[in-house]
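Below are the chains, spelled out letter by letter.
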Amino acid sequence: MSQIQSDVREVLPNLGNAQPVFGAARADIAFEVNGTAISVNVPPLRRLSSVLRDELGLTGTKVGCDAGDCGACTVLVDGDAVCACLMSAASAAGTSVTSVEGLANGRLSALQASFLAHGAAQCGICTPALLVAATALLDKQPNPTEAEVQDALGGILCRCTGYRKIIAAVMDASLQAASLDFRLPPSGHAIGSSPIRLDGVPKVTGGEKFGGDSFPADALAVLVVRSPHYHASFAFGDLAGWAKEHPGVAGVFTAADIPGKNCFGVIGPFADQPALAEGFARLRGEAVALVAGEREAILDLDLSDFPIRWIELPHVLQSREAKASGAKMIHENRPANLLTSGFVERGDPEAALAGAAFIVSGAIDTSYVEHAYIEPEAGYAYLDGDALVVVACTQAPYMDRDETAKVLGLAVDKVRIVPTATGGGFGSKLDVSLQPLIGLVALKTGRPAALAYTRTESMISTTKRHPAEMKATIGADADGLVTGMIFEGDFNTGAYASWGPTVANRVPVHASGPYATPNYRAEGRAIHTHGPISGAFRGFGVPQATIMQETLYDELAGKLGMDRLEFRLKNCLRNGSETVTGQLLDSGVGIAECLESLRPHWARAKADADAFNSANRDRKRGVGVASCWYGCGNTSLPNPSTIRVGVAADGTVILHQGAVDIGQGSNTVITQICADALGLPLDKFRLRSADTAISPDAGKTSASRQTFVTGKAAEKAGRALRETILRFANVSEKAALQLDSSAIVIREGEATRRIDLASLDVDADGFVFRAEETYDPPTLPLDTKGQGKPYAVYGYGAQLAELEVDLKLGTVKLLKITAAHDVGKAINPLLVEGQIEGGIAQGIGMALMEEYIPGRTENLHDYLIPTIGDVPPIETILIEVPDPEGPFGAKGLGEHVLIPTAPAILNAIRHATGVLVTKVPATPTRIRAGIRKKDGIREKEARR
């Protein structure tokens, strides 16, 4: 018997008469919420999380799993933190419940203010739960230790922050004033300052609206029927008859109901995925039908009798199986199941390796990695006249618009995408998911349609990081200079293309690492299987390739007898270097500065490890280092962003900021850039966020492009608006601007001019003065040998990992990570630190624990991501080597920060144990197996 069922048995006798609705008995249940007595009439078994959200509108309580695994639904019940998804409405009877909305009365609590001050909220989806649980802790222990904070918050997962700023915020809450008084920087001083997020307050109050937080009351609920097989044909029975037999079901929809082209994809020439499968499914979890109905009916609907017949077909899940001779084609037009390949060649790598004084070779495999954002996909659609409006979480509203219009047979201008707050994305929410599905239901029924994926549904149907099977050889001369490298990798792209072409093309450019490699060949292949679709995930294949390259660099340094850090410094790119694509890097190359900054930490860490290892036998410490580089934006493709900014008649500056902020801080950073370019303070700006009907296209939030590309567009727009105002006033560029109520005050020397905005004409957008500018990075195509200029700007970084390995158990304890990253110019240093810490946490997961296994790890209980206790102290070193192309010299950062973490950890494990784990993640089982194998080899050698 479940806990919920047990609770209900105890409480049911006191609930009075229960009234059935669509078969579910209801009862009146009274309890207190945020100090107010309430009574709800709901089924006694209804989850408390659903009651709070759906009946009381308290959507600050989030739902991430409905299984108690993520903790996002945490509330206080009689002062104790509990998962509301595990508590029935019946068991809440007579209790006092506090949600995030009840933590403060009209002003922020000290804890909420501390979260803002420390940048402890990024996407914000887990923030309410963390605040609630931390409040319970602080009520009992006002000055907690770090261990006490970790214990109190250990059941709540965060995928964005890396937890370090959360810990600091809780520990410092008693020092933070209860009222929020964070002043925004004055005019001309936004760049380089760390004001609180401009969108931060709703994140800590529960007011932020994510994909599932604002469904219309009259919306039809939608269920998706999905394939239970990796590969199968199917046929439907009597769908209409089945629908009639189930009260409250409004309709069943299949591919036959799709009015447009039943095919979507993020890269047009490779688009191959149906919104609803036709006749056969290529992967487990593929959508085949939709059931729409009244919310209460859908909540109780059992799909076990849904009229569909399946015939399971043979399937392949591994790249090596899919490319083997005789393997059946998954797509008829893709022989050998090859989606596409990328290629870069420079010089004569075979000759270079043949003449090298030292060479090393190796092979490494990596696993599927799940994005594990805490917010599953959610949204709703409705008709506004003859236009379809889709309100949903997304990273790419304009791409969503175009693909949804295509599938539904609508003109592009008849589809509007309104992004909600997005509770984490990391690449997967670039792909269309539920948008055409809810759009189809809204079109067919004329009613709003709403859908929120379950955790399992999200994990089986959305994209993953590509598993990779890689091998490489690297050679160096006697002086320690790298002379040549050959790399090849097969990347399992799953059943459909998604971002497979991007991975295949980006990997060969980056597989050399940020090092001078005069003779080079690299090939990346995207291979189809019947596995999960692999797409974009923070790095587009570069993290996998970097593991291969950086672990070989350690081995090569060992053969040379060189210090591992010194070997990297000797070979790293510098101003004036040429990359493996022949691109001349004139300036802005900061990898040497990153590595140099690690020198004192490297020396101290090695000494600490030596001292520890000499005193311990069963536990050993290791120190690892790894570097990264990453091209910001699309690879050799157009990559424009457009920004609109204007001054309204009331004296506010309206910024149409179409770059979706998924937690990285683009709403704040891009506004900071625009503010200093314009010469007006941040507190005068008002954001109009991404909405395809009102804001220009700022491109997708991916590829570390928003600060660089959209930021550059914002800089151009700010400067253009400033120039327009100065010309109107007939003053020089040296003049200073000030907004005083509904007037612009312009000062130049002793002269002052006041322009009354209310007296001037306004345009259709309500602007008196306006500017709209576009920026597209200057890149060049790659030729047949991969030579050209794929990116205008690169970012660089290096990380040092310190850890301890239990040789008997194979377990790893991380001690510290030191991260040096060249960001060009830190527009907002606090947000930069937050990105670094969050990326490192994901890199830790990739290195040590995250392995998505289809059919086995489809929830957040079996699929492990780092918790608050898994992320060690992180020391961040910000390196600023300006790039002349970036806004105020800034470079992208989002992907870079994850890339070096896993190889640094793997190198540290090898330093501690003498074992390189060649199947990632390096789980205790694999580490222990490597140690046993090494010890066995040593025993054999000793016997000889």
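Residues numbered from 1 in each chain as written. Predicted model: local features only at pLDDT ≥ 70, side-chain atom pairs only at ≥ 80, totals over all residues. Heavy atoms only, no water.

Caption draft 1: Up close: the overall build of the chain. Each helix and strand counted, the chain has 24 helices and 35 strands in total. Its C-alpha atoms give the chain principal-axis dimensions of roughly 85 × 85 × 60 Å. In the chain, which comprises 944 residues, the proportion classed as buried is 62%. Counted over contacts in the chain with a minimum sequence separation of 6, partners at least 24 positions apart contribute 77%. Total accessible area on the chain stands at roughly 33,300 Å², and carbon and sulfur atoms take up 50% of it. (Helix = DSSP H or I, 4+ residues; strand = E, 2+ residues; numbered from the N terminus. Buried < 20%, exposed > 50% of the residue type's maximum accessible area, 1.4 Å probe, protein only. Contact = heavy atoms within 4.5 Å. Areas by Shrake-Rupley, 256 points an atom, 1.4 Å probe, with all protein chains shown as cover.)

Caption draft 2: Region of interest: the side chain of Gln549. Along the chain, the position of Gln549 falls in helix H16 (residues 542–560). Its relative accessible area of 1% is what places Gln549 among the buried residues. If near-sequence neighbours (up to four positions away) are discounted, Gln549 is found in contact with Ile474, Met485, Ala511, Ser512, Gly513 and Tyr515.

Caption draft 3: Quick peek at empty space enclosed by the protein. Summed over all chains, the structure comprises six cavities of 30 Å³ or more. Going through the elements one at a time, helix H20 (666–678), helix H21 (706–729) and helix H22 (829–848) are the ones with two or more residues in the lining of the largest cavity. Sort the elements by how many residues they give to the lining of the largest cavity and H22 lands first, with three residues. Among the residues forming the lining of the largest cavity, the class breakdown is 13 nonpolar, 16 polar and five charged. When its volume is computed, the second largest cavity comes out at roughly 280 Å³. Residue composition of the lining of the second largest cavity, by class: eleven nonpolar, seven polar and five charged. (1 Å grid on protein atoms, 1.4 Å probe; cavity = no way out; pocket = protein on both sides within 12 Å on 5 of 7 lines; lining within 4 Å. Points joined across faces, edges and corners; volume = space filled by probe spheres on them. Nonpolar A, V, L, I, M, F, W, Y, C, P; charged D, E, K, R; others polar.)

Caption draft 4: Region of interest: the pattern of salt bridges. According to the stated counting rule, one finds 58 salt bridges in the structure shown. Two residues, Arg46 and Glu296, come together in a salt bridge whose shortest N-O distance is 2.9 Å. Remark: Glu296 occurs in helix H9 (residues 295–299) and Arg46 occurs in the loop between strand S3 (36–42) and helix H2 (48–55); sequence separation between them is 250 residues. With respect to burial, Arg46 and Glu296 carry one shared label: buried. Among the salt bridges present, the one from Arg770 reaches Asp765, with a minimum N-O distance of 2.7 Å. Under the relative-accessibility criterion, Arg770 is labelled partly exposed at 30%. In this structure, a network of salt bridges that share partners links the residues Arg26, Arg46, Asp54, Glu55, Arg295 and Glu296. (Salt bridge = Lys/Arg side-chain N within 4 Å of Asp/Glu carboxyl O.)

Caption draft 5: Representation of the pairing of strand S28 (residues 736–740) in the model. Alternating positions in S28 separate cleanly, Leu737 and Leu739 being buried on one face and Ala736, Gln738 and Asp740 remaining unburied on the opposite face. Taken together, the five bridges between S28 and strand S29 (residues 743–748) define a ladder with antiparallel strand orientation. Bridge pairing in S29 links Leu739 to Ile744. Connecting S28 to the next strand, S29, in antiparallel fashion are two residues, including Ser741 with a positive phi near 55 degrees. (Pairing = 2+ DSSP bridges.)

Caption draft 6: Layout of the packing of aromatic side chains. This structure, assessed with the given rule, holds 15 aromatic pairs. On the numbers, 6.4 Å between centres and 90 degrees between planes, the contact of Phe236 with Phe306 is edge-to-face. Of this pair, Phe236 sits in strand S8 (residues 232–236) while Phe306 sits in the loop between H9 and strand S12 (308–312), placing them 70 residues apart in sequence. For the ring pair Trp242 and Phe306, a centre distance of 5.1 Å and an interplane angle of 75 degrees mean the geometry is edge-to-face. Residue Trp242 is found in helix H8 (residues 239–244), and its partner Phe306 is found in the loop between H9 and S12; the two are separated by 64 residues along the sequence. (Phe/Tyr/Trp six-rings, centres within 6.5 Å; stacked < 30°, edge-to-face > 60°.)

Caption draft 7: Region of interest: the layout of surface pockets. Empty space within the second largest pocket amounts to approximately 760 Å³. Taken together, 32 residues make up the lining of the second largest pocket; nearest its centre are Ile267, Trp499, Asn634, Leu637 and Lys700. The element best represented in the lining of the second largest pocket is helix H12 (residues 397–408), accounting for five residues. Looking at the lining of the second largest pocket residue by residue, the classes come out as 16 nonpolar, eleven polar and five charged.

Caption draft 8: View of the nonpolar core. Phe115, Leu153, Val170, Phe487 and Ile905 are the most contacted members of the largest nonpolar core, which totals 155 residues. Setting aside chain neighbours within four positions, we find Ile905 in contact with Ala801, Leu803, Leu814, Ile844, Ala847 and Leu848. Listed in part, the 45 residues of the second largest apolar core include Ala190, Leu682, Ile744 and Leu757. (Core = buried A, V, L, I, M, F, W, Y, C linked by side-chain atoms within 4.5 Å.)

Caption draft 9: Region of interest: helix H13 (residues 435–445). The buried count for H13 comes to eight of eleven residues, which makes it a mostly enclosed element. Looking one or two residues past H13, Gly446 carries a phi angle of roughly 80 degrees, positive in sign.

Caption draft 10: Quick peek at helix H6 (residues 164–171). Burial runs high along H6: six of the eight residues are buried. Every buried residue belonging to H6 is among Arg164, Lys165, Ile166, Ile167, Ala169 and Val170, and all of these are buried. Tucked inside the fold, the buried residues of H6 contact helix H3 (110–118), helix H4 (127–140), helix H5 (146–153), H22 and strand S34 (874–879).

Caption draft 11: Fine view of the packing of H3 against H6. For the pair H3 and H6, the least separation of the axes is 8 Å and the interaxial angle reads 140 degrees. Judged by the inter-axis angle, H3 sits oblique to H6. For the crossing formed where H3 meets H6, the hand is right-handed. Contacts between H3 and H6 pair Leu111, Ser114, Phe115 and His118 from the former with Lys165, Ile166, Ala168, Ala169 and Val170 from the latter. Of the residues in the contact of H3 with H6, the class split is six nonpolar, two polar and one charged. (Axes fitted to C-alpha atoms, helices over the stretch in contact; angles between N-to-C directions. Parallel < 35°, antiparallel > 145°, perpendicular 65-115°, else oblique. Left-handed = near helix turned anticlockwise from the far one by under 90°.)

Caption draft 12: Quick look at the sheet that holds S34. With respect to topology, four strands assemble into an open sheet ordered S24-S32-S33-S34, the strand pairing being mixed. At either end of the open sheet lies a strand with only one pairing partner, and these are strand S24 (619–631) and S34. Averaged over neighbouring strand pairs, the angle between their axes works out to 15 degrees when direction is ignored. Here strand S32 (residues 794–806) pairs with strand S33 (residues 812–822) via ten bridges, running antiparallel. Counted as the bridge partner of Leu800 is Thr818 from S33.

Caption draft 13: Focus on the confidence of the model for the chain. The predicted model of the chain has a mean per-residue pLDDT of 95, with 97% of residues at 70 or higher. Contacts of residues 1–21 to residues separated by more than four positions or lying in other chains number 34 contacts, the stretch itself having pLDDT below 50. (pLDDT = per-residue confidence, 0-100.)

Caption draft 14: Representation of the side chain of Thr483 in the model. With respect to the helices and strands, the residue Thr483 is situated in strand S22 (residues 482–494). Leaving out residues up to four positions away in the same chain, Thr483 has contacts with Ala352, Ala356, Gly475, Ala476, Asp477, Pro518 and Asn519.

Caption draft 15: Structural context of a negative patch on the surface. The grouping of Asp238, Glu245, Asp302 and Asp305 at the surface amounts to a negative patch. Note on placement: Glu245 falls in the loop between H8 and strand S9 (249–253). Among the residues examined, Glu245 registers a relative accessible area of 60% and is labelled exposed. (Patch = residues over 30% accessible without salt bridge, like charges linked within 9 Å, V, L, I, M, F, W, Y side chains within 5 Å. Lys, Arg positive; Asp, Glu negative; His and termini not counted. Charge placed at Lys NZ, Arg CZ, Asp CG, Glu CD.)

Caption draft 16: Representation of the sheet that holds strand S7 (residues 220–226). In spatial order, the strands read S9-S11-S7-S19-S16-S17-S18; together these seven strands make up an open sheet with mixed pairing. What marks the edges here is a single partner per strand, and that holds for S9 and strand S18 (415–419). Each adjacent strand pair in this sheet contributes to an overall mean axis angle of 25 degrees, direction not counted. Pairing of S7 with strand S19 (residues 449–452), which is carried by two bridges, proceeds in the parallel orientation. Residue pairing for S19: Ala221 is matched across the bridge by Ala450. Contacting strand S17 (387–392) and S18, H12 runs over the sheet at an angle of about 145 degrees to S18. Its contacts with the sheet place H13 against S7, S9, strand S11 (287–293), strand S16 (378–384), S17 and S19, and it is angled at close to 35 degrees to S16.

Caption draft 17: Main features of unusual backbone geometry. Cis geometry marks the peptide bond from Val920 to Pro921; its omega dihedral reads 15 degrees. A positive phi is found at Asp66, a non-glycine position, where the angle reads about 55 degrees. Inspection of the secondary structure assignment puts Asp66 in the loop between H2 and strand S4 (74–77). Non-glycine residue Ser636 carries a positive phi angle of around 55 degrees. As for its placement among the helices and strands, Ser636 is situated in the loop between S24 and strand S25 (641–648).

Caption draft 18: Quick peek at the environment of Pro397. Counting through the fold element by element, Pro397 comes out in helix H12. For the pair Pro397 and Gly658, spaced 261 residues apart in sequence, the C-alpha separation works out to 8.8 Å. Sequence-distant contacts of Pro397, defined by excluding residues within four places in its chain, comprise Ile417, Pro419, Val660, Ala690 and Thr692.

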